[in-house]
Amino acid sequence: DTMAALNGAGLAAPQIGALVRVVIFGVERNPRYPDAEAVPETVLVNPELEPLRPEEIDEDWEGCLSVPGMRGLVPRYRNLRYRGFDERGRAIDRTVSGFHARVVQHEVDHLDGILYPTRIRDLRRFGFTAELFPGADIADD
């Protein structure tokens, strides 16, 4: 409910005070990410990430419900395999790329106490959304 109410692409359990290794994510159509491809709604318990072709890294803009109103240019692995379990204990094993891979990495970072600003390489590419993109119709985080 929290993720949907804020048009989020994902949410980690610690963001709502639950100290368990669980993330949820999924995007169909989202005003915060108008150009993003669809990502299936997923509950991922005890996630494990494996970068595929670790030399292939993309930088793209990210925001976060825990850091409202800001964006930063964040490097992430382009291709990723993730494993874990769904809410019923069924195994999940997916190989993904692009926005899907970015969302999973962002949410799993929360489980390890990492917020996206610590991954930004050039802090000149971090700031308030309205200042970074003046006049742009970008939804606030």
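Residues numbered from 1 in each chain as written. Predicted model: local features only at pLDDT ≥ 70, side-chain atom pairs only at ≥ 80, totals over all residues. Heavy atoms only, no water.

1. Observations concerning the overall build of the protein
Piece 1. In terms of regular secondary structure, the protein is built from 3 helices and 6 strands.
Piece 2. A globule of 141 residues ought to have a C-alpha radius of gyration of about 14 Å, and the protein, at 15 Å, matches this closely.
Piece 3. Taken along the three principal axes of its C-alpha coordinates, the protein extends 45 × 35 × 25 Å.
Piece 4. Counting the 141 residues in the protein, one finds 40% classified as buried.
Piece 5. In the protein, the share of contacts with a sequence separation of at least 24, taken over all contacts with a separation of at least 6, comes to 60%.
Piece 6. Accessible surface, the protein as shown: approximately 8000 Å² in total, 50% of it carbon and sulfur.
Piece 7. Placing the 17 positive and 24 negative side-chain charges of the protein at their respective mean positions leaves the two points 3 Å apart. (Helix = DSSP H or I, 4+ residues; strand = E, 2+ residues; numbered from the N terminus. Rg over C-alpha atoms; globule rule 2.2 N^0.38 Å. Buried < 20%, exposed > 50% of the residue type's maximum accessible area, 1.4 Å probe, protein only. Contact = heavy atoms within 4.5 Å. Areas by Shrake-Rupley, 256 points an atom, 1.4 Å probe, with all protein chains shown as cover. Lys, Arg positive; Asp, Glu negative; His and termini not counted. Charge placed at Lys NZ, Arg CZ, Asp CG, Glu CD.)

2. Topic: the pairing of strand β4 (residues 67-85)
Piece 1. Two elements, strand β3 (residues 39-64) and β4, share 13 bridges in a ladder whose sense is antiparallel. If you follow valine 45 over to β4, its bridge partner there is phenylalanine 85.
Piece 2. Here β3 folds back onto β4 in antiparallel fashion, the turn holding 2 residues.
Piece 3. As defined by bridge partners, β4 adjoins strand β6 (residues 126-128) across 3 bridges and the pair is classed as antiparallel. Of the residues in β6, the one forming a bridge with methionine 70 is phenylalanine 128.
Piece 4. Where β4 and strand β5 (residues 91-97) come together, 7 bridges link them in antiparallel fashion. Directly across from arginine 81, in β5, lies its bridge partner threonine 95.
Piece 5. With antiparallel pairing between neighbouring strands as the criterion, β4 and β5 make up a hairpin whose turn holds 5 residues, including glycine 89 at a positive phi of roughly 85°. (Pairing = 2+ DSSP bridges.)

3. Topic: helix α2 (residues 98-111)
Since the α-helix turns once every 3.6 residues, residues separated by three or four places project in the same direction.
Piece 1. Across its 14 residues, α2 extends 21 Å between first and last C-alpha, which sits within 8% of the 20 Å expected from 1.5 Å per residue.
Piece 2. In terms of residue burial, α2 counts as a mostly covered element, since 13 of its 14 residues are buried.
Piece 3. Positioned one or two residues after α2, glycine 113 has a phi angle of 75°, which is positive. (Expected span 1.5 Å × (residues − 1).)

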